[in-house]
Amino acid sequence: QVQLVESGGGLVQAGGSLSLSCAASGSTFSISPMGWYRQAPGKQRELVATISSRGNTNYADSVKGRFTISRNNAKNTVYLQMNSLKPEDTAVYYCNQNLRGYVYWGQGTQVTVSS
């Protein structure tokens, strides 16, 4: 059983920065691809960024150049550094862990960007 706990959300002005963390339980973190997704009110959950077990990254076009995903396998933690935030980045941000095709989700953390 995997448990994911996100932290670091909050309220920030446009142009500001936030750093999200997601701590995973268990011993499978280092072999698992990890991802950050977000869901704005009235919209479907969408991909933000992913990172493979080897550190290869992938980003949604809307966040390229502004967001950075990283991981620390020794701490079982994946991070999302968000810079130059825009009001349209407002959403609940979720991390996930893909373990042999089964996807685990955290409870989410709210990010609100004011204009």
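Rules and cut-offs
Residues numbered from 1 in each chain as written. Predicted model: local features only at pLDDT ≥ 70, side-chain atom pairs only at ≥ 80, totals over all residues. Heavy atoms only, no water. Disulfide = S-S within 2.5 Å. Helix = DSSP H or I, 4+ residues; strand = E, 2+ residues; numbered from the N terminus. Buried < 20%, exposed > 50% of the residue type's maximum accessible area, 1.4 Å probe, protein only. Pairing = 2+ DSSP bridges. Core = buried A, V, L, I, M, F, W, Y, C linked by side-chain atoms within 4.5 Å. Salt bridge = Lys/Arg side-chain N within 4 Å of Asp/Glu carboxyl O. Polar contact = N/O pair within 3.5 Å; in protein donor to acceptor, adjacent residues only side chain to side chain. Contact = heavy atoms within 4.5 Å.

**With respect to the state of the cysteines**
Part 1: In the structure shown here, the tally under the stated rule is one disulfide.
Part 2: Here Cys 22 connects covalently by a disulfide to Cys 95, the sulfurs 1.9 Å from one another. Of this pair, Cys 22 sits in strand β3 (residues 18-24) while Cys 95 sits in strand β9 (residues 91-99); the two residues are 73 residues apart in sequence, bridging distant segments of the chain.
Part 3: Assessed through its relative accessible area of 0%, Cys 95 is described here as buried.

**With respect to the pairing of strand β5 (residues 46-51)**
Part 1: The pairing of strand β4 (residues 34-39) with β5 spans five bridges and is classified as antiparallel. Paired with Tyr 37 across the two strands is Leu 47, which belongs to β5.
Part 2: Hairpin connection, β4 to β5: the antiparallel pair is bridged by six residues, and Gly 42 has positive phi, about 75°.
Part 3: Connecting β5 to the antiparallel partner strand β6 (residues 57-59) that follows it, the hairpin turn spans five residues, and Gly 55 within it adopts a positive phi of roughly 95°.

**Here we look at the nonpolar core**
Part 1: Core analysis: the largest hydrophobic core is formed by 29 residues, its most contacted members being Trp 36, Val 78, Leu 80, Met 82 and Tyr 93.
Part 2: Contributing elements (two or more residues each) for this core: β3, β4, β5, β7 (67-72), β8 (77-82), β9 and β11 (109-114).

**Points about the pattern of salt bridges**
Part 1: Under the criterion given, the structure shown has four salt bridges.
Part 2: As a salt-bridge pair, Glu 46 and Arg 38 come within 2.7 Å of each other at their nearest N and O atoms.
Part 3: Asp 61 is the partner of Lys 64 in a salt bridge, and the nearest nitrogen-oxygen pair spans 3.2 Å. Neither Lys 64 nor Asp 61 differs from the other in exposure class; each is exposed.
Part 4: Via salt bridges that share partners, Arg 38, Glu 46, Arg 66 and Asp 89 belong to a single interconnected network.

**Let's talk about the side chain of Ser 32**
Part 1: Looking at the element boundaries, Ser 32 is found in the loop between β3 and β4.
Part 2: For Ser 32, a relative accessible area of 0% gives the class buried.
Part 3: Of note is the side chain of Ser 32, whose polar atom sits 2.9 Å from the side chain of Gln 97.
Part 4: Sequence-distant contacts of Ser 32, that is, excluding residues within four places in its chain, are made with Ser 53, Arg 71, Gln 97, Asn 98 and Leu 99.

**Focus on the side chain of Asp 89**
Part 1: By the element assignment, Asp 89 lies in the loop between β8 and β9.
Part 2: Overall, the relative accessible area of 0% leaves Asp 89 in the buried class.
Part 3: Within polar-contact distance, the side chain of Asp 89 engages the side chain of Arg 66 at 2.8 Å.
Part 4: At a separation of 2.8 Å, a polar atom in the side chain of Asp 89 contacts the main-chain amide nitrogen of Lys 86.
Part 5: Residues in contact with Asp 89, not counting those within four places in the same chain, are Arg 38, Arg 66, Phe 67, Ser 84, Val 111 and Val 113.

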